[in-house]
Amino acid sequence: MKPQLILVAGPYRSGTDGDQAKIARNLRTLEQAALAVYQRGHVPVIGEWLALPLAREADSSRPGDAISESFLYPVARRLLRCCDAVLRIDGASKGADDDVHQAKELGLPVYHALTDLPLVPG
């Protein structure tokens, strides 16, 4: 099996009430899952890795402002069309649920546990 490009979907701003420390903690959780995806032989991607720098360059002042909103979900929708699968990690998140819904519409596998991801040898 060849490595898959896998979108890691889970809470980013959900449950944070805009608290930057909580948002950072959520991103770290997403990144820990991304590392585990990589260790199984795949290429992980998180939508915020792409959307946040774009929003910053477009002069977004904070997560949740109008500029950042114009990037976060649209980038994820475009990115999903390039992915082979989605890993949905735990936690309430409308955005991640939307990613799962779109992935299913695209016919992509949606994994809910790291152990469900195929292991790519060597």
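Preceding block: the structure.
It should be emphasised that the depicted structure is a prediction, and the values quoted were computed from it without experimental measurement. (Residues numbered from 1 in each chain as written. Predicted model: local features only at pLDDT ≥ 70, side-chain atom pairs only at ≥ 80, totals over all residues. Heavy atoms only, no water.)

Visitor: Help me out: how do you make sense of unusual backbone geometry in this one?
Guide: In the Ramachandran plot, D17 falls in the positive-phi region, its phi being about 50° despite a non-glycine side chain. Relative to the helices and strands, D17 is located in the loop between strand 1 (5–9) and helix 1 (20–39). Accessibility expressed as a relative area gives 81% for D17, which makes it exposed. Backbone geometry places D59, a non-glycine residue, at a positive phi of 75°. Here D59 is to be found in the loop between helix 2 (47–57) and helix 3 (66–80). (Helix = DSSP H or I, 4+ residues; strand = E, 2+ residues; numbered from the N terminus. Buried < 20%, exposed > 50% of the residue type's maximum accessible area, 1.4 Å probe, protein only.)

Visitor: Honestly, the nonpolar core in this entry has me stumped. Any pointers?
Guide: The nonpolar side chains of a soluble globular protein tend to be buried with one another. In this structure, V8, L30 and L87 are the most contacted members of the largest nonpolar core, which totals 15 residues. Those elements that provide at least two residues to this core are strand 1, helix 1 and strand 3 (85–88). A total of six residues in this core trace back to one element, the largest contributor, which is helix 1. Ignoring any residue separated from it by four or fewer positions in sequence, one finds V8 in contact with L30, A33, A34, V37, P44, V45, I46, L87 and I89. Counting twelve residues, the second largest nonpolar core, distinct from the first, contains L7, L79, C83 and V110. (Core = buried A, V, L, I, M, F, W, Y, C linked by side-chain atoms within 4.5 Å. Contact = heavy atoms within 4.5 Å.)

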